[in-house]
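# Structural overview
Okay, here's what each chain looks like letter by letter:
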Protein chains: 2
Amino acid sequence: MTSKILLIGVGGVGSIAAYTLQKNGCEVSVVARSQYDVLSNDGFSIESCDYGSIPTFKPDHVFKNAEEAVSKVGVFDYIVVTTKNIPDVSPVEKMFEKAYNKDTAIVLLENGIGIERSVFKAFPDATVISGVTMISSTLYGTTVKHVGPDTVSFGPFINSSIDKNLQISKAKKFVELYYNEKNKAQYNKDVKYTRWRKLVYNGAINTVCAITNVDSGRLELFGGMDKISRPAMKEIIAIAKADGVELPEDIMDFMIRSDDGEYYPPSMLIDIRKNQYTEYKTIVGTALEIANEKGVDAPVLTILSDLLEVIQMRTMESRGRIVLPEKRPLPSDNFEITYQ
Amino acid sequence: MTSKILLIGVGGVGSIAAYTLQKNGCEVSVVARSQYDVLSNDGFSIESCDYGSIPTFKPDHVFKNAEEAVSKVGVFDYIVVTTKNIPDVSPVEKMFEKAYNKDTAIVLLENGIGIERSVFKAFPDATVISGVTMISSTLYGTTVKHVGPDTVSFGPFINSSIDKNLQISKAKKFVELYYNEKNKAQYNKDVKYTRWRKLVYNGAINTVCAITNVDSGRLELFGGMDKISRPAMKEIIAIAKADGVELPEDIMDFMIRSDDGEYYPPSMLIDIRKNQYTEYKTIVGTALEIANEKGVDAPVLTILSDLLEVIQMRTMESRGRIVLPEKRPLPSDNFEITYQ
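Rules behind the numbers
- Residues numbered from 1 in each chain as written.
- Chains lettered and ligands numbered in written order.
- Predicted model: local features only at pLDDT ≥ 70, side-chain atom pairs only at ≥ 80, totals over all residues.
- Heavy atoms only, no water.
- Core = buried A, V, L, I, M, F, W, Y, C linked by side-chain atoms within 4.5 Å.
- Buried < 20%, exposed > 50% of the residue type's maximum accessible area, 1.4 Å probe, protein only.
- Contact = heavy atoms within 4.5 Å.
- Phe/Tyr/Trp six-rings, centres within 6.5 Å; stacked < 30°, edge-to-face > 60°.
- Helix = DSSP H or I, 4+ residues; strand = E, 2+ residues; numbered from the N terminus.
- Lys NZ or Arg CZ within 6 Å of the ring centre and 35° of its normal.
- UniProt positions renumbered as here; feature names shortened; annotations may be inferred.
- Buried area = accessible area lost by both parts, 1.4 Å probe.
- Salt bridge = Lys/Arg side-chain N within 4 Å of Asp/Glu carboxyl O.
- Pairing = 2+ DSSP bridges.
- Domains from an automatic or database assignment.
- Axes fitted to C-alpha atoms, helices over the stretch in contact; angles between N-to-C directions.
- Parallel < 35°, antiparallel > 145°, perpendicular 65-115°, else oblique.
- Left-handed = near helix turned anticlockwise from the far one by under 90°.
- Nonpolar A, V, L, I, M, F, W, Y, C, P; charged D, E, K, R; others polar.
- Expected span 1.5 Å × (residues − 1).

## As for the nonpolar core
Of all hydrophobic cores here, the largest spans 116 residues; its most connected members are W196, F222 and L301 of chain A together with W196, F222 and L301 of chain B. Leaving out residues up to four positions away in the same chain, F222 of chain B has contacts with V310, M313, R314, E317, I322, L324 and I337 of chain A together with V214 of chain B.

## Concerning the packing of aromatic side chains
One pass over the structure, following the stated rule, counts 16 aromatic pairs over all chains. Relative to F57 of chain A, the ring of Y19 of chain A lies with its centre 5.5 Å away and its plane at 80 degrees, an arrangement referred to as edge-to-face. A residue pair is termed long-range when its members are at least 10 positions apart, and Y19 of chain A in helix α1 (residues 12-23) and F57 of chain A in strand β4 (residues 52-57) qualify at 38 residues. Accessibility classification places Y19 of chain A together with F57 of chain A in one group, the buried group. With a centroid separation of 4.9 Å and 80 degrees between ring planes, the pair formed by F154 of chain A and F174 of chain A is classed as edge-to-face. With F154 of chain A in strand β11 (residues 152-157) and F174 of chain A in helix α6 (residues 164-178), the pair connects residues that are 20 residues apart, well separated along the chain. Exposure class is identical for F154 of chain A and F174 of chain A. Each is buried. Clustering of aromatic rings is evident, with ring pairs tying together Y78, F154, F174 and Y178 of chain A. Positioned above the aromatic ring of Y187 of chain B is the side chain of K172 of chain B, whose terminal nitrogen or guanidinium carbon lies 5.0 Å from the ring centre.

## Quick look at the UniProt feature "domain: Ketopantoate reductase N-terminal" (unreviewed entry) in chain A
In the UniProt entry, the feature "domain: Ketopantoate reductase N-terminal" (unreviewed entry) is given for residues 5-157 of chain A. Segment residues 5-157 of chain A splits into 24% helix and 36% strand. End C-alpha atoms: 19 Å apart.

## Remarks on the side chain of N202 of chain B
Looking at the secondary structure, you find N202 of chain B in helix α7 (residues 191-212). When residues no more than four places from it in sequence are discounted, the contact partners of N202 of chain B are N111, T207, M268 and I283 of chain B.

## Examining the interface of chain B and chain A
Listed per partner, the contact involves 44 residues of chain B and 44 residues of chain A. Roughly 3800 Å² of surface becomes buried between chain B and chain A when both sides are summed, with 65% attributable to carbon and sulfur atoms. Of all residues in chain B, F222, V310 and R328 of chain B bury the most surface against chain A, accounting for 23% of the area lost on that side. Taken together, the connections running from chain B to chain A amount to six salt bridges.

## Quick look at the pairing of strand β4 (residues 52-57) of chain B
Residues and elements named next belong to chain B. Here strand β3 (residues 44-48) pairs with β4 via four bridges, running antiparallel. Across the sheet, the residue bridging to F44 is F57, located in β4. Counting the residues between successive antiparallel strands, the hairpin from β3 to β4 contains three residues.

## Section: the domain arrangement of chain A
All names here are of chain A. Each domain of chain A was delimited in the assignment, giving domain 1 (4-189) and domain 2 (192-318). Taking only C-alpha atoms into account, the centre of domain 1 sits 24 Å from that of domain 2. Contacts between the two partners involve 25 residues from domain 1 and, on the opposite side, 24 residues from domain 2. Summed over both sides, the interface of domain 1 with domain 2 buries roughly 2000 Å², with 53% coming from carbon and sulfur. Our count for the domain 1 to domain 2 interface comes out at three salt bridges.

## Quick word on unusual backbone geometry
The backbone of N213 of chain A sits at a positive phi, close to 60 degrees, despite the residue not being glycine. Examined against the element boundaries, N213 of chain A turns out to sit in the loop between α7 (191-212) and α8 (216-221).

## Some thoughts on the packing of α7 of chain B against helix α13 (residues 299-318) of chain B
Residue and element names in this part refer to chain B. Relative to each other, α7 and α13 sit at 45 degrees, their axes nearing to 10 Å. With respect to α13, the element α7 is oriented oblique. Considering the relative orientation of α7 and α13, their crossing is left-handed. Of the residues in α13, those in contact with G203, T207, V208, A210 and I211 of α7 are L301, L304, L307, L308 and I311. Across the contact of α7 with α13, the residue classes tally to eight nonpolar, two polar and no charged.

## Side note on the sheet that holds strand β11 (residues 152-157) of chain B
Residues and elements named next belong to chain B. Strand order in the open sheet formed by eight strands is β5-β2-β1-β6-β7-β8-β11-β12, with mixed pairing between adjacent strands. A strand with exactly one partner marks an edge of an open sheet, and here the two such strands are β5 (61-63) and β12 (186-187). Two strands pair when backbone bridges link them, and strand β8 (residues 128-133) and β11 are joined in this way by six bridges, in the antiparallel orientation. By the bridge assignment for β11, I129 is matched with P156. Seen against the sheet, helix α1 (residues 12-23) touches β1 (4-8), β2 (27-31), β6 (78-81), β7 (105-109) and β8 and runs at an angle of roughly 170 degrees to β1.

## Quick notes on helix α13 (residues 299-318) of chain A
All names here are of chain A. The end-to-end C-alpha distance of α13, which contains 20 residues, comes to 29 Å, matching closely the 28 Å that a straight helix rising 1.5 Å per residue would cover. Burial runs high along α13: 14 of the 20 residues are buried. Downstream of α13 by one or two residues, G320 has phi in the positive range, about 85 degrees.

Right under this line is the structure:
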């Protein structure tokens, strides 16, 4: 029987995921907002290092929201979330709540640590699957430029209130649906390890590049990699350890060398340059919550997170989500920011 | 006898200083670089909260460099330095070394801590006078907009290898030369206290505004004032204490409230927005050197300084002072940055 997939978020990562699953025989529905018209009429073109040049890709179905999707297609086997994870602006669980069913597994193909928490809170009986990909893929206009292979793995965030084997089998089934000779998708039995490992890069390099507005190559040449990112990495390794994940010491140099040869602009830097929100909450905010719970000191990550919070609010103001009074309020005015 | 002044740096602060001294009867020579032609031909116009509207201001003499100035005018009584203090790009002592004479007192009307150190190193027999002003004045094109009064004080950085009373009398003499009913310039007998006090603002608010690209009003509303600036202020107070300067606890709230009513963009933020170099070295770099000498921990200031260093190098690259290889070098390439 054909598996029914609902995909939320058709950017660089989501387009490749949609293409892959549809090509592999799934029935793919997509929720698109700003891209609704173009995707349902003309589709995207894809230039892919894995799949070559695809002049036109259109998902099987395109919907404006999850409610419409479930009413037309019925219960989905998987909801795959590939949007940026910005809980302070648009919580992901809100995006698909109308299409959720306890038989539908949720696949979070997104960055960050602890991203399953809010989903379990909203849907305590959910099967939630972690997806981590090393892909480099960006949507420019209506063209997907996929330049770094979709090296991906999936595995369950274990929900202790439902049958563990069922969760594992749903994750393994999803690996089968996603797998092909190009991506060689793998089952990941230690999701927590994989996510903490990736956080060593994202929490310590991606963040500092975003704050200083330089790519990872320049960050190294300008001294910030050793002075700021390395101390931040040590804190991430310590928090991970307190959270039960033992990362090897040489992970630091592995991550520092992972963009070798490239002046690579990581995702949060691109967000800043495009005046978009960054995923700082799931990339450092949750790690710091865990540090706090476990009593681990993380002074460097704390400042990076606090700086990124100010920058996020600057972005909110410039995008009209925050409106400030014309004259700077005094403390006695008791002004409080409201979010539009 | 008319006092002969050489002024280095005719921006917002320098123009008002030159105007004030000339109006008060000194013979004012100015070293101008990019402004040489306009200043020697047409002069600047000044709109001043202290002095009203001045359609044309021209210094008595305009020179291209200090060497030319001293050869035409002879030994100066005072050299007044009002440029930004960017030791990593252009050390101030280099700017006037050709005009220096042991009878010439140096007035550093500039931000920062420890700015006298490099001057004493270059000229061990020098009288060096500190100038601290709360002025708000900016040069736009050829118009000086002076909006915040020139509340200024001068006093000697004591040089222990020469007569102390001579230094004090030269500083007091300079106060007389500068004083008028508008600025009410004062003699400052505790220069070190005054400079550490101002650093509470500049090291903790100016820096964070520059990094996050928000003014001091937004920094407060967006939470950064309490989360980042306050901890940084505590570190500055601790370093000052180790350096023999006891600042009152309520200095923090005084500085936080000092721009009340205004969404005020501090100087380093303006530098960043104009793609100019920031004075981060004299504003936090030297404070951290002192912290290091005295064994004071300053983790927040350290990260702020490290981030500003990366940003400074980004600015250097964008201004052509640093040229990077087209392909990101590997560690095995042993690439080293050279400064143009």
